[in-house]
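# Reading the structure
The residues making up each chain are set out below.
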Amino acid sequence: PAIGSTKFSNKIQPAEITHAKDICDEEKERLVSGISEWDRVVGGGILPGSFLLITGDPGIGKSTLLLQVADKIATNSQVIYFSSEESLSQVKGRANRLGLGNTKTLFSDERSIERIISTIEFQNPDLVVIDSIQSSYLSSSPDTFPGSVSQLRESAMALMHAAKSSNTSILITGHITKTGTVAGPKMLEHMVDALFYLQGEDYWQTRILRSVKNRFGTINEVGFFQMEENGLCEVSDINKRLLENATFAPGSILICSTEGSRPLLLEAQALCIESKFGSPQRVISGTDHKRVVLISAILEKYLHVKLSSNDIFFKVSGGVFVKESSSDLGIALSLLSSYFQKPLPPKSMALGEISLTGHIKPAKRAQTMAREAQKFGISTILTANDASLSGNGIEVFKNVYDLLRLFPED
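Before going into details, it helps to say that this report is about the structure given with it. Computed from a prediction, not measured in an experiment: that's the story for all the values here.

Within the protein chain, the secondary structure is distributed over 11 helices and 18 strands. Reported as C-alpha extents along the three principal axes, the dimensions of the protein chain are approximately 85 × 60 × 50 Å. Looking at the protein chain residue by residue over its 410 residues, the buried ones come to 51%. When contacts within the protein chain are restricted to residue pairs at least 6 apart in sequence, long-range pairs at least 24 apart make up 67% of them. In the structure as shown, the protein chain presents an accessible area of about 20400 Å², 51% of it carried by carbon and sulfur atoms. The positive charge centre, built from 42 side chains, and the negative charge centre, built from 45, are 4 Å apart in the protein chain.

In total, this model carries 1 cavity of 30 Å³ or more according to the counting rule given. Size it by volume and the largest cavity reaches roughly 40 Å³. In terms of lining, the largest cavity is formed by Arg30, Val42, Gly45, Ile46, Leu47, Ser50, Leu52, Ala194, Asn214 and Phe216. Broken down by class, the residue content of the lining of the largest cavity amounts to 6 nonpolar, 3 polar and 1 charged.

Attention shifts here to the pairing of strand β12 (residues 282–285). Two strands pair when backbone bridges link them, and β12 and strand β13 (residues 310–316) are joined in this way by 4 bridges, in the parallel orientation. Each residue of the ladder has a partner; that of isoleucine 284, found in β13, is phenylalanine 314.

So, about the nonpolar core. One finds Leu266, Leu299, Phe314, Leu333, Leu335, Val400 and Leu403 to be the most contacted residues of the largest nonpolar core, which totals 44 residues. Contributing elements (two or more residues each) for this core: β8 (222–228), α8 (238–244), β10 (252–259), β11 (262–274), α9 (289–303), β13 and α10 (328–340). Counting 30 residues, the second largest nonpolar core, distinct from the first, contains Val42, Ile54, Leu65 and Ala95.

Procedures and definitions
Residues numbered from 1 in each chain as written. Predicted model: local features only at pLDDT ≥ 70, side-chain atom pairs only at ≥ 80, totals over all residues. Heavy atoms only, no water. Helix = DSSP H or I, 4+ residues; strand = E, 2+ residues; numbered from the N terminus. Buried < 20%, exposed > 50% of the residue type's maximum accessible area, 1.4 Å probe, protein only. Contact = heavy atoms within 4.5 Å. Areas by Shrake-Rupley, 256 points an atom, 1.4 Å probe, with all protein chains shown as cover. Lys, Arg positive; Asp, Glu negative; His and termini not counted. Charge placed at Lys NZ, Arg CZ, Asp CG, Glu CD. 1 Å grid on protein atoms, 1.4 Å probe; cavity = no way out; pocket = protein on both sides within 12 Å on 5 of 7 lines; lining within 4 Å. Points joined across faces, edges and corners; volume = space filled by probe spheres on them. Nonpolar A, V, L, I, M, F, W, Y, C, P; charged D, E, K, R; others polar. Pairing = 2+ DSSP bridges. Core = buried A, V, L, I, M, F, W, Y, C linked by side-chain atoms within 4.5 Å.

Given below as structure tokens:
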């Protein structure tokens, strides 16, 4: 039956509707931890009444990070930490190791979602942390096994309503599958207001907190932390660390990738060597495999360099996956530098997109990237003809033919 028909209107009370101008504006003060890397990724602090999910590999440091965040926020707000995976003595041991033995955070090992929600209604805390939702259970769910699809769906729905009705921020941790996605139904990701991944870079013992979904902030924002004895310490000068081991050897060039609002200076490295087998290898990490293959095809088409008969090994340092087309020029120059075995200008960075016709186009946000590079002593910007870039150290290339002037014949 159509909406408004007699069958519906006699039984169901209609919903209240209003104009946008009549809706009250609520200015809510965010829960700021003082940990700048965390606060920036979550959008400037945790918004009251929000429902957040953080996930990552086992042992990556989710519980450590949340215990530190809870301790900071508990200084001025009421925070309750529900540990459904670990006993309270284990949580206390971690707090002591982190130097948080005198934290004002309240703790519980309760696993029942009903009792957790009842505690929220009674205590009315500012922030509730549940570690983790896979180990909690809802008695009213048709499936009583914690972590099952129905349990996760029903538990998340109950917690979402509790957060909105009580104006309490609820932060839960979740498991991931072996493919690296959030374990459980896809509906779980749709229910939460924000989804964050904590990822690791083993080479540095660095942890990257990435915002994948955020209704109250920027997506793809990243924060960097260093795993140390006293927990996760924020790394605010990540570009300085990224540039410490830059080689500027043949096959190496700096590129820039914007993650959220932060430009990251990364080293692109290529190794081209004549293939000894029938089918040349393509081993690529840190960017899309097809992007490197496409650029090598463009270079071979217009510059007649025989990259198709070479094994190509390519990587981007820093544990960051580069998606932006602004890295095209850097990829091309690193391949040519390795192919000719000639280094590029020292302390140089490449910014530009390469079209299928071989023309080089300006990169988006090139001015912001160039400004960040110049802070760290990058003296040469190799780029397309871009009106936003001017001054000393800007070297312009119109098409891929112009790239050969960087590799003069001996």
